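Observations on the model geometry
Each chain is listed here by its residues.
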Amino acid sequence: MTQEEFKGLFDKYFDSIRSYIYYRCGDTELATDIAQEVFMQVWEKQFEIQNGKIKSLLYKMSGDLFISRYRRKELEHRYLNSIELDYLEESPEEQAQLKELITKYEKSLAGLPENQRDVFLMSRNEGLKYSEIAERLNISIKAVEKRMNKALSYLREALEYKG
Amino acid sequence: MTKDERNTGNNSVRRPDILDRLPQSRIPWKRSKEEVWNSLKNNIDEQPEARKISFGSYILRLSAAAVILLLVGSAAFMRFYTRTVTSQSAEVVNLELPRGSEVMLNAETIIKYNPLWWKFNRKIRMEGEAYFEVSKGNEFTVISESGTTTVLGTTFNIYSRKGDYEVSCYTGKVRVGSVNSGEEVILEPNQKASIDEEGYLAVNEEPPRSINQDWRSGYFKFTSMPVTRVFDEISRQFGFTIKATENLDLIYTGNFSKDQSIEEVMNLVCKAFGIDFVSEDENTYRIIVNAN
């Protein structure tokens, strides 16, 4: 792999890889570190780039690395309180109401099981189709649908409750 | 928890729901993609491109290690492999040095050098007495306890025993250095350098000598020599022990040949000083000094 090829790979996948880790852990720094390390490993091991295969491999590597890292981090702050996000300003809601909704949303996201949260946010935040998610995570489309539905019903319930 | 009746199956299609009230969101990264790339780039610049080929396989690595080990091992062997040659009493040993030079060791002499490292370290350690005949262009240094002699293509003799150090140059040139004082002198043919107990060098002219006037042909000549050194030479040449009970402060000038018997030689030397010797056993003589 030349440097140019590596750079191409980085440009194409870095963002979605570190987002994926962020969806799982809610820690921007940890996600960035893991994504960086994954790409470092890709360079050091000089993987052959066969498009399609490399994509799911990157997700697999970052997921594995996340699990080994997270076990350590988990001891430091046991509970994930919320998944923080930045929001674009156009919204029909009134500020106070919106703020409350967002707080609830972020807390609810944290309450989702990891494998539902990543699928849900990959779909919602990055606009990926179910088939794309399935390909990246190397799971079936059916599994993606199932997790999506569970996540959606959980979130709706949590947000509408008292809201 | 009253709204349990939602049907999860339909929701993904319609989404007429509360989630739509949320604005679009982004992850609040602390480091930009560019920052991450830059720190990655620093690391990959150090990475050699050929990595994949060079040390990829275990076997290759193993054999590289083996080769290195072998090289280091054989270099160490070559460096430290020492050839040691000794001559016993009453014995003269001829020996060929690397590159065609020759050495003749007088009785009770030891010589050491590293034949396999000769290219890098042309040093010979020698104690005793030896005559060197050096082939042209072959340069080396003979190191003894109190002096070092560097050959500049030549024939010469070194005597190094009991702190006495003498070098006689026959042909060509040699450089003689004193270990203790650091003094150096270059000897021309028919010159002799000696180093005294304090390490000082002295050079004397010597009459030209042919081989049949020197130890190499069994001929021993002494000029103003402490008699103890003469007795030492006799005991070496005949393989006897000569015991002198007192410090003999006598100076001897004369010569002997190995063709003579030891008794003849002893008689010759002792007569000159009016001293006596008795045979203590088969191989030992004792010197007796009369009180008057």
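Residues numbered from 1 in each chain as written. Chains lettered and ligands numbered in written order. Predicted model: local features only at pLDDT ≥ 70, side-chain atom pairs only at ≥ 80, totals over all residues. Heavy atoms only, no water.

Each helix and strand counted, chain B has six helices and 19 strands in total. Counting across all 292 residues of chain B, residues that qualify as buried make up 38%. Across chain B, the fraction of contacts at a sequence separation of at least 24, relative to all contacts at a separation of at least 6, is 41%. Here chain B has roughly 17000 Å² of accessible surface; of this, 50% comes from carbon and sulfur atoms. (Helix = DSSP H or I, 4+ residues; strand = E, 2+ residues; numbered from the N terminus. Buried < 20%, exposed > 50% of the residue type's maximum accessible area, 1.4 Å probe, protein only. Contact = heavy atoms within 4.5 Å. Areas by Shrake-Rupley, 256 points an atom, 1.4 Å probe, with all protein chains shown as cover.)

Looking now at the overall build of chain A. For chain A, the count of helices and strands is seven helices and one strand. Classification of the 163 residues of chain A by burial places 48% in the buried group. The contacts in chain A between residues at least 6 apart in sequence include a share of 69% that link residues at least 24 apart. In the form shown here, chain A has an accessible surface area of approximately 8400 Å², with 47% of it arising from carbon and sulfur atoms.

In this section: the sheet that holds strand β19 (residues 284–288) of chain B. Residues and elements named next belong to chain B. The strand order β16-β19-β18 describes an open sheet built from three strands, whose pairing is mixed. In this open sheet, the two strands that pair with only one neighbour each are β16 (241–244) and β18 (276–281). Going across the sheet, the axis of each strand differs from the next one's by a mean of 25°, ignoring polarity. The pairing of β18 with β19 spans five bridges and is antiparallel. Paired with F277 across the strands is I287, a residue of β19. (Pairing = 2+ DSSP bridges. Axes fitted to C-alpha atoms, helices over the stretch in contact; angles between N-to-C directions.)

Turning our attention to the environment of D64 of chain A. Residues and elements named next belong to chain A. Within the element layout of this structure, D64 appears in helix α3 (residues 53–76). Residue class for D64 comes out partly exposed when judged on its relative accessible area of 39%. With 30 residues separating them along the chain, D64 and I34 place their C-alpha atoms 9.9 Å apart.

What follows concerns the confidence of the model for chain B. Model confidence for chain B is summarised by a mean pLDDT of 82, while 87% of its residues fall at 70 or above. For the stretch residues 1–15 of chain B, pLDDT sits under 50, and the model shows 18 contacts to residues farther than four places along the chain or on other chains. (pLDDT = per-residue confidence, 0-100.)

Residues and elements named next belong to chain A. Where helix α1 (residues 3–25) meets helix α2 (residues 28–45), the axes come as close as 8 Å, and the angle between the chain directions of the two elements is 145°. With respect to the hand of their crossing, α1 and α2 are arranged in right-handed fashion. Mapping the contact onto sequence places Q3, F6, L9, F10, Y13, F14, I17, R18, I21, Y22 and C25 in α1 and T28, L30, A31, T32, I34, A35, Q36, F39, V42 and W43 in α2. For the contact of α1 with α2, the residue count by class is 16 nonpolar, four polar and one charged. (Left-handed = near helix turned anticlockwise from the far one by under 90°. Nonpolar A, V, L, I, M, F, W, Y, C, P; charged D, E, K, R; others polar.)

With that settled, consider the nonpolar core. Counting 59 residues, the largest nonpolar core has F6, F39, Y105, L109 and F120 of chain A as the members making the most contacts within it. Counting residues per element, the ones that place at least two in this core are α1, α2, α3, α4 (95–111), α5 (114–124), α6 (130–137) and α7 (141–160) of chain A together with α2 (33–46) of chain B. Here this core takes eleven residues from α1 of chain A, the largest share from any one element. The residues touching F39 of chain A, leaving out its near neighbours within four places in the chain, are F6, L9, F10, Y13, F14, I17 and L58 of chain A together with L40 of chain B. The next biggest cluster of nonpolar side chains, apart from the first, holds 28 residues, and it includes V103, F132, V134 and I158 of chain B. (Core = buried A, V, L, I, M, F, W, Y, C linked by side-chain atoms within 4.5 Å.)

All names here are of chain A. Look at α5 against α7: their axes get within 8 Å of each other, and the N-to-C directions meet at 90°. In terms of their interaxial angle, α5 and α7 are classed as roughly perpendicular. Along its contact with α5, which presents N115, Q116, V119, F120 and S123, the element α7 presents V144, R147, M148, K150, A151, L152 and L155. Considering only residue class, the contact of α5 with α7 consists of seven nonpolar, three polar and two charged. (Parallel < 35°, antiparallel > 145°, perpendicular 65-115°, else oblique.)

On to the side chain of R24 of chain A. Residue and element names in this part refer to chain A. Mapped onto the elements of the fold, R24 is located in helix α1. Looking at R24, the relative accessible area reads 11%, which means it is buried. Separated by 2.9 Å, the side chains of R24 and Y20 make a polar contact. Residues within four places of R24 in sequence aside, it is in contact with G63, F66, I67, L80, E114, R117 and D118. (Polar contact = N/O pair within 3.5 Å; in protein donor to acceptor, adjacent residues only side chain to side chain.)

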